[in-house]
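Survey of secondary and tertiary structure
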Amino acid sequence: MIKPEVNVAEWQNFEAEIVKECLVLDQLIGLLKQTIVGQEVLLERLMIGLLCNGHILLEGMPGLAKTLTVRTLAQCIATDFSRIQFTPDILPADILGTTMYNIHTNEFTVKKGPIFSNFILADEINRAPEKVQSALLEVMQEHQVTIGNTTYKLDLPFMVLATQNPIDQAGTYQLPEAQMDRFMLKVHITYPTKEDEKIINRMKSSANPIDLTTVPVAHILRMQQLVNKVHVDEKIEDYILDIVLSTRWPEQYNLSRLQSYIKFGASPRGTINLTHAAKAYAFLNKRAYVIPADVYAVTHDVLRHRIGLNYAAMAENITTDFILQEILNEIPSP
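Below you will find a few notes about this structure. Along every chain, residues carry numbers that run from 1 in the direction the sequence is written. Local features in this predicted model are restricted to residues of pLDDT 70 or higher, and side-chain atom pairs are both shown and tallied only at a pLDDT of 80 or more, whereas totals for entire chains, interfaces and linings draw on every residue. Heavy atoms throughout the structure, all of them, feed into the side-chain values; hydrogens and water do not.

Where helices and strands are cited, they refer to DSSP runs of H or I of at least four residues and of E of at least two residues respectively, numbered from the N terminus. From N to C terminus, the chain includes 13 helices and 11 strands. Computed over C-alpha atoms, the radius of gyration of the chain comes to 21 Å, within 12% of the 20 Å expected from 2.2 N^0.38 for 334 residues, which places it in the range of a compact globule. The principal-axis extents of the C-alpha atoms in the chain amount to approximately 70 × 50 × 50 Å. Categorising residues by exposure relies on relative accessible area from a 1.4 Å probe, with only protein chains included: less than 20% of the type maximum marks a residue as buried, more than 50% marks it as exposed, and the intermediate range marks it as partly exposed. For the chain, the proportion of its 334 residues judged to be buried stands at 49%. Whether two residues are in contact is decided by their heavy atoms, any of which lying within 4.5 Å being enough. Across the chain, the fraction of contacts at a sequence separation of at least 24, relative to all contacts at a separation of at least 6, is 78%. Residue exposure ignores everything except the shown protein chains as possible cover, and the areas themselves are Shrake-Rupley values with a 1.4 Å probe. Accessible surface for the chain amounts to roughly 16,300 Å². Of this, 52% is attributable to carbon and sulfur atoms. The convention is simple: Lys and Arg are positive, Asp and Glu are negative, and His and the chain ends are not counted. Note that the charge is assigned to NZ on lysines, CZ on arginines, CG on aspartates and CD on glutamates. Looking at charge distribution, the chain has the averaged site of its 30 positive side-chain charges lying 4 Å from that of its 38 negative ones. Atoms considered for the radius of gyration are the C-alpha atoms alone. The globule rule reads 2.2 Å times the number of residues to the power 0.38.

Structure below.
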């Protein structure tokens, strides 16, 4: 039984509330589509990250509107937005902030960095060295910043939306596994279709500016609360656990053929994020409960960056997406 066995009237009221709040979400998606052409999957994943207050890593070729998409999302919500251009010489203090001595007052004062915003565009995040990546770990996981001896809580919603170019290797650093695991989703962005690119070309040739209205942040926070209440049946929980555990011990799930390719599997954070993403996907589809199709739809984006492949996999051009598809094909859904 996927639907929860609860009071019928109470359940109907909850579903009606979801439908009502989804009208605001539909409005937000409509605003984004005024600027972003096509990229339906990208917009859907942005909404999932927004509903779960989760961070997103966007990977794609240059010129695919990664930065524009994040900037437009921030413009459509009445919140603060910061863009941080990552470079090899950037320092942690450039992002987090630092203490400065004031000669007039003979005191140290705190100068907060650009991380103190609701939406952070971490542009070309893989250009930052390891010490900067380490500085982001506390921020992304705990939603707080420590400067000197003082810890500052960040305002909600708080999302880091990072971009990276998969082909440009000069002056870049591979993101450590600890930081990759803190991204809820890793989304691959593909080229637009011919028709979509024709529309993009016409939009850029037009001088007419697009007027973007804003969605109150209170609606976003309310929807995040509702997503947390979306029902996950125990059978769905077991399905999610089987998917995650099969990335660690594939031989226990009739997937011995994958064992020689996997260096390490997804962490418990992968289980938590897969559950939350499935709940958000159900919410997007105006449902108050999760079905197996919700889990299936978000598995690749949630887990593709949490599986480590060894040299044998690289030599045979085996990708994490291939591994996950094999797992989804083998694990029976409830």
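From this point on, the discussion continues.
With that out of the way, let us pick up the layout of surface pockets. Note on definitions: the grid is 1 Å and covers protein atoms alone; a cavity is a set of points where a 1.4 Å probe fits but cannot get out; a pocket is an open set with protein on both sides within 12 Å along at least five of seven lines; lining residues have an atom within 4 Å of a point. Grid points are joined across faces, edges and corners, and a volume is the space filled by probe spheres set on the points. By volume, the largest pocket amounts to about 860 Å³. Taken together, 29 residues make up the lining of the largest pocket; nearest its centre are Glu 59, Gln 174, Met 180, Lys 186 and Ile 307. Counting only elements with at least two residues in the lining of the largest pocket, the list comes to α6 (177-180), β9 (183-189), β10 (262-264), β11 (308-309) and α13 (320-330). Of the residues in the lining of the largest pocket, the class split is 10 nonpolar, 12 polar and seven charged. In the scheme used here, Gly and all other residues not listed as nonpolar or charged are polar, with Ala, Val, Leu, Ile, Met, Phe, Trp, Tyr, Cys and Pro taken as nonpolar and Asp, Glu, Lys and Arg as charged.

Here the focus is the packing of helix α9 (residues 234-248) against α13. Helices that pack against each other are described as a pair by the angle of their axes relative to one another and the distance between those axes. Viewed as axis vectors pointing N to C, α9 and α13 meet at an angle of 135°, and their least axial separation amounts to 10 Å. Considering their axes alone, α9 and α13 lie oblique with respect to each other. As α9 packs across α13, the resulting crossing turns out to be right-handed. Seen from α9, the contacting residues are Tyr 239, Ile 243, Ser 246 and Thr 247; seen from α13, they are Leu 324, Ile 327 and Leu 328. Considered class by class, the residues forming the contact of α9 with α13 number five nonpolar, two polar and no charged. Here the axes come from fitting lines to C-alpha atoms, over the contacting stretch only for helices, and the angles between their N-to-C directions go from 0 to 180 degrees. Roughly parallel covers angles under 35 degrees, roughly antiparallel covers those over 145, roughly perpendicular covers 65 to 115, and oblique covers all other angles. Definitions for this section: a left-handed crossing has its near helix turned counterclockwise from the far helix by less than a right angle. A right-handed crossing has that turn clockwise.

Moving on: the sheet that holds strand β5 (residues 119-123). Note: two strands are recorded as paired if DSSP finds a minimum of 2 bridges between them. If you trace the five strands from one edge of the open sheet to the other, you get β2-β5-β8-β1-β9, paired in parallel fashion. In this open sheet, the two edge strands, each paired with only one partner strand, are β2 (81-85) and β9. With strand direction ignored, the average angle separating the axes of adjacent strands in the sheet is 15°. Two elements, β2 and β5, share five bridges in a ladder whose sense is parallel.

Side chains bearing opposite charge may pair, as long as their charged atoms lie close to each other. Here, a salt bridge means any side-chain nitrogen of Lys or Arg that lies within 4 Å of a carboxyl oxygen of Asp or Glu. Throughout the structure, instances matching the rule amount to 16 salt bridges. Across the salt bridge formed by Arg 287 and Asp 294, the nearest N and O atoms sit 2.7 Å from each other. For the pair shown, Arg 287 and Asp 294 are each scored as buried. A single network of salt bridges, built from pairs that share partners, joins Glu 44, Arg 45, Asp 301, Arg 304 and Asp 321.

Take α13 next. Listed in full, the buried residues belonging to α13 are Thr 320, Ile 323, Leu 324, Glu 326, Ile 327 and Leu 328. Packed against the buried residues of α13 are α9, β10, α11 (292-303) and β11.

Position of Lys 286 among the secondary structure elements: in the loop between α10 (268-284) and α11. Given a relative accessible area of 34%, Lys 286 falls into the partly exposed group. For the pair Lys 286 and Ile 18, spaced 268 residues apart in sequence, the C-alpha to C-alpha distance is 6.2 Å. Among residues more than four places away in sequence, those in contact with Lys 286 are Ile 18, Val 19, Cys 22 and Asp 26.

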